[in-house]
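Next come the chains, spelled out residue by residue.
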Amino acid sequence: CLSRGLGDVYKRQVADCCYVSQWHLSKLLNRHTGKSFYDILNTVRIQKAKELLLDPGLKIGEIGERVGYADTAHFARTFKKQEGMSANEYRNSLK
C-alpha cells in the first residue's frame, strides 16, 4: 500500500491502508506509542537518513530528499533536534 518509500507519506494514505479514519489513526498511535503520526514518521525518516549517511558519495541535501524532506533546512533542523548533532557531524563521527 505504501511501497513508494518515505517520500510523500501522508496520514490519509496510512489511514486508508489501515482502513481507519485519520482521526482514529492518530488516536491509536498516540494511545499505543505516546507519539503523533508525524513524530513517528520523522523518527523513521531520520533512521533511514542515518543509514544513508554511511555512503560518503551522497550529499546531505540529497539524503534529506530521499527520505522525504523537500526542504534541506527542515531536514537539517529535524535531524539535529532528534540526534543532538547535525547530519554532517553524525557522518563525521562514523569515521
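What counts and what doesn't
- Residues numbered from 1 in each chain as written.
- Predicted model: local features only at pLDDT ≥ 70, side-chain atom pairs only at ≥ 80, totals over all residues.
- Heavy atoms only, no water.
- Disulfide = S-S within 2.5 Å.
- Helix = DSSP H or I, 4+ residues; strand = E, 2+ residues; numbered from the N terminus.
- Buried < 20%, exposed > 50% of the residue type's maximum accessible area, 1.4 Å probe, protein only.
- Contact = heavy atoms within 4.5 Å.
- Axes fitted to C-alpha atoms, helices over the stretch in contact; angles between N-to-C directions.
- Parallel < 35°, antiparallel > 145°, perpendicular 65-115°, else oblique.
- Nonpolar A, V, L, I, M, F, W, Y, C, P; charged D, E, K, R; others polar.
- Expected span 1.5 Å × (residues − 1).
- Arc of directions from axis to C-beta.
- Salt bridge = Lys/Arg side-chain N within 4 Å of Asp/Glu carboxyl O.

Draft legend 1. Structural context of the state of the cysteines. One pass over the structure, following the stated rule, counts zero disulfides. Left unpaired, cysteine 18 is separated from the closest cysteine sulfur, that of cysteine 17, by 6.5 Å.

Draft legend 2. Representation of the environment of serine 86 within the structure. With respect to the helices, strands and loops of the structure, serine 86 is situated in the loop between helix H5 (72-83) and helix H6 (87-93). By relative accessible area, serine 86 is classed as partly exposed at 22%. For the pair formed by serine 86 and phenylalanine 75, sequence separation is eleven residues and the distance between their alpha carbons is 9.8 Å. Beyond its immediate chain neighbours, meaning those up to four positions away, serine 86 contacts Phe79 and Lys80.

Draft legend 3. Inspection of the packing of helix H3 (residues 37-52) against H5 at higher detail. At a minimum axis distance of 10 Å, the contact between H3 and H5 shows a crossing angle of 95 degrees. Put simply, H3 runs roughly perpendicular to H5. For the pair H3 and H5, contact is made by Asn42, Thr43, Ile46, Gln47, Ala49 and Lys50 and by Phe75, Thr78, Phe79, Gln82 and Glu83, respectively. Grouping the constituent residues of the contact of H3 with H5 by class yields four nonpolar, five polar and two charged.

Draft legend 4. Spotlight on H5. Over its twelve residues, H5 extends 16 Å from the first C-alpha to the last, a length consistent with the 16 Å expected when each residue adds 1.5 Å. Taken as a whole, H5 has its buried residues at Phe75, Thr78 and Phe79. Taken down its axis, H5 places every buried residue within 100 degrees of arc, on the same side. Across from the buried face of H5, at angles greater than 90 degrees, the exposed residues are Arg77 and Lys81. Those residues of H5 hidden inside the fold are in contact with H3, helix H4 (60-66) and H6.

Draft legend 5. Structural view of the pattern of salt bridges. Evaluated as defined, the whole model comprises three salt bridges. Glutamate 51 is paired through a salt bridge with lysine 48; the nearest N and O atoms lie 3.5 Å apart. Highlighted residues: glutamate 51 and lysine 48, both in helix H3, separated by three residues, approximately one helical turn.

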